[in-house]
Amino acid sequence: MNENIITIERHILEEQRRYGGRGDFSSLLSQIVLAAKVVSAQVGQAGLVDILGAVGNKNIQEEDVQKLDVFSNEIFINALNYIGRVCVMASEEEKDIILIPEQYPKGEYVVMFDPLDGSSNIDANISIGTIFSIFRRKTKGNGDGAIEDCLQPGYAQYGAGYVIYSTSTIFVYSTGAGVNGFTLDPSVGEFVLSYPDIKIPERGSIYSINEGYYNYWKRGTREYIDYLKSERNHNKKPYSLRYIGSLVADFHRTLLYGGIFLYPEDLRDPKRPAGKLRLLYEANPLAYVVEQAGGSASTGYQRILNVVPSEIHQRVPLIIGSRLDVEEYEEFAKRNNIE
Ligand code: AHM
Ligand code: MG
């Protein structure tokens with residue numbers, strides 16, 4: 001094998017050597033990689049579901065065909081629950097925290113994930129993704145973890161990343177020493193380093209937001225988007241709009257090309273003023289990655305990683321991307337509460 005090829009397993013091992021340790025964190029990451037490969041294989045088959053059997057029906061082998069987000073959720077739970085490295089998990093797909101079954105040992109780490117984000121896009125063959133976030137436990141001992149292990153602020157993350165299932169499957173992660181991206185080589189079933197040490201440009205020229213909600217946005221957000229579309233902005237020409245509506249895909253483009261992604265608070269639904277995205281499974285891990293790449297993530301008023309969660313499915317406005325673009329939005333957000 002060519003010694004210049006860096007597989008993700010080799011990368012995980014080299015990081016472990018650099019930091020020392022018993023390899024618990026490495027084996028946890030390796031299980032996440034394994035789950036991502038299984039989900040990737042299944043996502044690749046998604047277009048055949050209509051031919052082999054519709055969701056909720058039996059497929060041609062008379063097996064139940066599961067919805068892909070339910071399937072992915074189970075894959076991630078099953079990959080992590082028996083390895084003895086995790087004490088509790090939380091998933092966007094599950095109402096309550098997920099405890100490790102009694103028969104398995106409990107470990108030091110807490111894992112939170114969105115197993116298949118953007119799954120409503122599957123039928124249109126649009127990219128979707130998995131997002132994950134890892135903390136160390138706060139509760140003492142080596143028994144079950146608890147909700148307080150899950151409700152830690154994002155700056156305490158030990159590692160985070162995402163997988164994008166697209167023309168290729170790409171695994172991007174950070175453990176606090178930069179961000180690296182790996183592309184799955186399906187012929188050998190390995191992720192190989194393809195985007196070493198990713199850095200996001202300081203400023204971009206693309207904005208990404210669901211502009212259909214313009215009339216529900218607060219004043220600062222409306223004025224900011226008007227400004228980006230004008231020639232008054234820093235680039236002296238209108239920003240381009242790109243919105244896939246699949247967070248991992250919109251984020252991945254923003255990370256590579258620079259610019260800003262926004263899912264701001266809006267006045268659509270008084271019961272849901274903080275937008276749509278979830279702090280624990282979406283905002284925190286992506287905020288960790290973007291900061292490791294030199295970018296920023298904000299609610300508009302504070303750094304995402306400083307938000308102290310009060311419940312596991314908490315929503316939060318997410319403004320994320322190039323540092324100077326996010327800082328500029330924060331200036332406009334000061335006018336958000338002016339009618
Ligand atoms: P999901 O978790 O139900 O899949 O929804 C999250 C998705 C994100 O991928 C995307 O950024 C957002 O919903 C798009 O929402 P909207 O259609 O309101 O623009
Ligand atoms: Mg989601």
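Residues numbered from 1 in each chain as written. Chains lettered and ligands numbered in written order. Predicted model: local features only at pLDDT ≥ 70, side-chain atom pairs only at ≥ 80, totals over all residues. Heavy atoms only, no water.

### Examining the pairing of strand β7 (residues 180-185)
Where burial is concerned, most of β7 is hidden: 5 out of the 6 residues are buried. Relative to β7, strand β6 (residues 169-174) is paired through 4 bridges, and the arrangement is antiparallel. Residue pairing across strands places I170 opposite T183, the latter belonging to β7. Linking β6 to β7, which pair antiparallel, is a turn of 5 residues; within it G176 sits at a positive phi near 100°. As judged from the 5 bridges shared by β7 and strand β8 (residues 190-195), these two strands associate in the antiparallel manner. Paired with L184 across the bridge in β8 is F191. Connecting the antiparallel pair β7 and β8 is a turn made up of 4 residues, with G189 showing a positive phi of about 70°. (Buried < 20%, exposed > 50% of the residue type's maximum accessible area, 1.4 Å probe, protein only. Helix = DSSP H or I, 4+ residues; strand = E, 2+ residues; numbered from the N terminus. Pairing = 2+ DSSP bridges.)

### Some words on the coordination of the magnesium ion (ligand 2)
Each angle at a metal carrying four tetrahedral donors should ideally be 109.5 degrees, and each at a metal carrying six octahedral donors should ideally be 90 or 180 degrees. Ligation of the magnesium ion (ligand 2) by protein atoms is provided by E92 (OE), D114 (OD), D117 (OD) and E282 (OE), these donors lying 2.0 to 2.5 Å from the ion. Overall, E282 belongs to the buried group, its relative accessible area being 3%. (Donors = N, O, S within 2.8 Å, 3.2 Å for Na, K, Ca; no water.)

### A short note on the packing of helix α7 (residues 247-257) against helix α8 (residues 279-292)
Two elements in contact, α7 and α8, have axes separated by 12 Å at closest approach and are oriented at 15°. Classified by the angle between their axes, α7 and α8 sit roughly parallel to one another. Note that α7 runs across α8; the crossing there is right-handed. Only E282, L286, V289 and V290 of α8 make contact with α7, whose side of the interface consists of L247, F251 and L255. Its residues assigned to classes, the contact of α7 with α8 shows 6 nonpolar, no polar and 1 charged. (Axes fitted to C-alpha atoms, helices over the stretch in contact; angles between N-to-C directions. Parallel < 35°, antiparallel > 145°, perpendicular 65-115°, else oblique. Left-handed = near helix turned anticlockwise from the far one by under 90°. Contact = heavy atoms within 4.5 Å. Nonpolar A, V, L, I, M, F, W, Y, C, P; charged D, E, K, R; others polar.)

### Some remarks on the site of ligand 1
As a structural note, the neighbourhood of ligand 1 is formed by 14 residues, with D117, N210, Y243, L247 and Y263 the closest of them. With respect to ligand 1, the side chain of N210 contributes an N or O atom lying 2.8 Å from an oxygen atom. Starting from 480 Å² of accessible surface for ligand 1 in isolation, the protein chains cover 80%. In the shell around ligand 1, the residues fall into 4 nonpolar, 5 polar and 5 charged. Each of domain 1 (8-195) and domain 2 (206-333) gives at least three residues to the shell around ligand 1. (Near = heavy atom within 4 Å. Polar contact = N/O pair within 3.5 Å; in protein donor to acceptor, adjacent residues only side chain to side chain. Areas by Shrake-Rupley, 256 points an atom, 1.4 Å probe, with all protein chains shown as cover. Domains from an automatic or database assignment.)

### Comments concerning the sheet that holds strand β5 (residues 159-165)
Spatial strand order, β2-β1-β3-β4-β5-β6-β7-β8: 8 strands in an open sheet with mixed pairing. The open sheet has two free edges, formed respectively by β2 (98-99) and β8, since each of these has just one partner strand. Most of the contacts of helix α4 (residues 68-80) go to strand β3 (residues 109-117), to which it runs at about 160°, and overall it touches β1 (86-91), β2, β3 and β4 (128-136).

### Things to note about the nonpolar core
Core analysis: the biggest nonpolar cluster contains 43 residues, and Y162 and L255 have the highest contact counts within it. Among the elements that take part in this core, α8 stands out by supplying 9 residues, more than any other. Split by domain, this core shows at least three residues from each of two domains, domain 1 (8-195) and domain 2 (206-333). Core analysis: the next-biggest nonpolar cluster, separate from the first, contains 39 residues, I8, I75, Y165 and F182 among them. (Core = buried A, V, L, I, M, F, W, Y, C linked by side-chain atoms within 4.5 Å.)

Without other data, these values stay purely geometric and don't point to any function.
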